[in-house]
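# Structural description and commentary
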Amino acid sequence: MKKLIVLGLLLVFFTGCYDYVEINEMAIVYGVAIDLKDEEYHVTFEILNTKNKDDMGQEEKVYYARGSGFSLSEAFTNTAFEIAKTPYLAHLKTVVISEEVAKNKLEDLLDLMLRDNHIRNIFYLVMARDYKAEEILTNIDTNNPISSNAISDLIEHKNLKNNMASGMNFEKFMTTLVDKRQDVYLSSVTIDDSIIKLSPLGIFDDFNFTHYLSEEESALFNLMMGEAEEYHFKINCPNSQDTIVFATNKKTKAKMDVEDSKVSLKLEPELRLVENHCDLDFRAVEAYELLEEKASDYLKTEMEKLMTTLAEKDSDLFGIKRLYYQKYKKDMAFKDFQYDYSVKTIINQNGLIFEVER
């Protein structure tokens, strides 16, 4: 009996209570912003306020610590010195970097992140577009009181934002980056009307940021990669200049195959009608055939435009060079590939309102 009592006391003192004390001695860092100015790094920590609700009063849910240095490790250390508690980065949600860091210092940042075994590699690394990274991380409102959470939620629920962002976390980013036969990309965010919003994908050549895709290119790229659940597009009606809007009904990934220097890209998305201004008889099969043909032609044209842009920028985001190497055990320049496109759309008729004869 005494042994059971002792065991129970040990469980009390060395499980829940122990963890509780430790957490309250730590500064839980949810987000990090990294800027670069005059060759000096400026780091901002977004720290969760762990006070009890009764003690917080009107205090914000997060507070910030800032530091700088001529090396990243110095900047991180100086930022940590601004905090009374020990920084705890195991719950890190988002790291926001400025364009200057993305262009010139990404390799240094990745080296620091990989060396710190306290950081789990499942956070999102994103770029700040047209703003400093600190401005993004400290931009809060009543709907988004924790910016790092707001950014991760935007990425994870990107189907509501036409799929401009990539769901790739830091671990997947690093896996892609070390593959010399595929180029890498990052999600970007900006501030619009005082609210953090998604921006197009940022494209890298090795460790250096080079350019952004457009919003339309980013969404189409995610569709072809099988990440987009709701890719929206608008086409003209078959019989007028009025328009009809479609959205993909589920995730669809483009099938890719390489034969010598020719790459075949095949896409077969299922569509649903979102907004209709066409004067068509939806009881007739011909109406759907016309719309499917026009939708297929539209997507084929957009795919051609995207691949032309990527070839001009020498940005192999799809890993076509890797597919070629796996098949032929030799390398080929990305710009030397030729492409054949095949698109077949299928309109899901469920939920459409049919005209009924009286």
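Because the structure is a prediction, the values reported are computed rather than measured. (Residues numbered from 1 in each chain as written. Predicted model: local features only at pLDDT ≥ 70, side-chain atom pairs only at ≥ 80, totals over all residues. Heavy atoms only, no water.)

### Brief notes about the overall build of the protein
In terms of helices and strands, the protein carries 12 helices and 16 strands. By residue count, 44% of the 358 residues in the protein fall in the buried class. For the protein, restricting intrachain contacts to residue pairs at least 6 apart in sequence, the fraction spanning at least 24 positions comes to 66%. As displayed, the protein offers around 19600 Å² of accessible surface, 48% of which is attributable to carbon and sulfur atoms. (Helix = DSSP H or I, 4+ residues; strand = E, 2+ residues; numbered from the N terminus. Buried < 20%, exposed > 50% of the residue type's maximum accessible area, 1.4 Å probe, protein only. Contact = heavy atoms within 4.5 Å. Areas by Shrake-Rupley, 256 points an atom, 1.4 Å probe, with all protein chains shown as cover.)

### A closer look at the packing of helix H4 (residues 72-81) against helix H6 (residues 106-115)
One can describe the packing of H4 onto H6 by two numbers: an axis separation of 10 Å at closest approach and a directional angle of 55°. Considered as vectors, H4 and H6 are oriented oblique to each other. Of the residues in H6, those in contact with Leu72, Ser73 and Phe76 of H4 are Asp108, Leu109, Leu112 and Met113. Its residues placed into classes, the contact of H4 with H6 shows five nonpolar, one polar and one charged. (Axes fitted to C-alpha atoms, helices over the stretch in contact; angles between N-to-C directions. Parallel < 35°, antiparallel > 145°, perpendicular 65-115°, else oblique. Nonpolar A, V, L, I, M, F, W, Y, C, P; charged D, E, K, R; others polar.)

### Describing the environment of aspartate 316
Looking at the secondary structure, you find aspartate 316 in the loop between helix H11 (285-313) and helix H12 (320-328). It is 9.8 Å that separates the C-alpha atoms of aspartate 316 and alanine 333, two residues lying 17 residues apart in sequence. Looking at aspartate 316, its side chain comes within polar contact range of the main-chain nitrogen of isoleucine 320, at 3.0 Å. (Polar contact = N/O pair within 3.5 Å; in protein donor to acceptor, adjacent residues only side chain to side chain.)

### Description of the pairing of strand E14 (residues 270-276)
Where strand E11 (residues 243-248) lies against E14, five bridges are found, and the strand directions are antiparallel. Note that in E14 the partner of threonine 248 across the bridge is leucine 271. As judged from the two bridges shared by E14 and strand E16 (residues 346-347), these two strands associate in the parallel manner. Bridge pairing in E16 links leucine 271 to isoleucine 347. (Pairing = 2+ DSSP bridges.)

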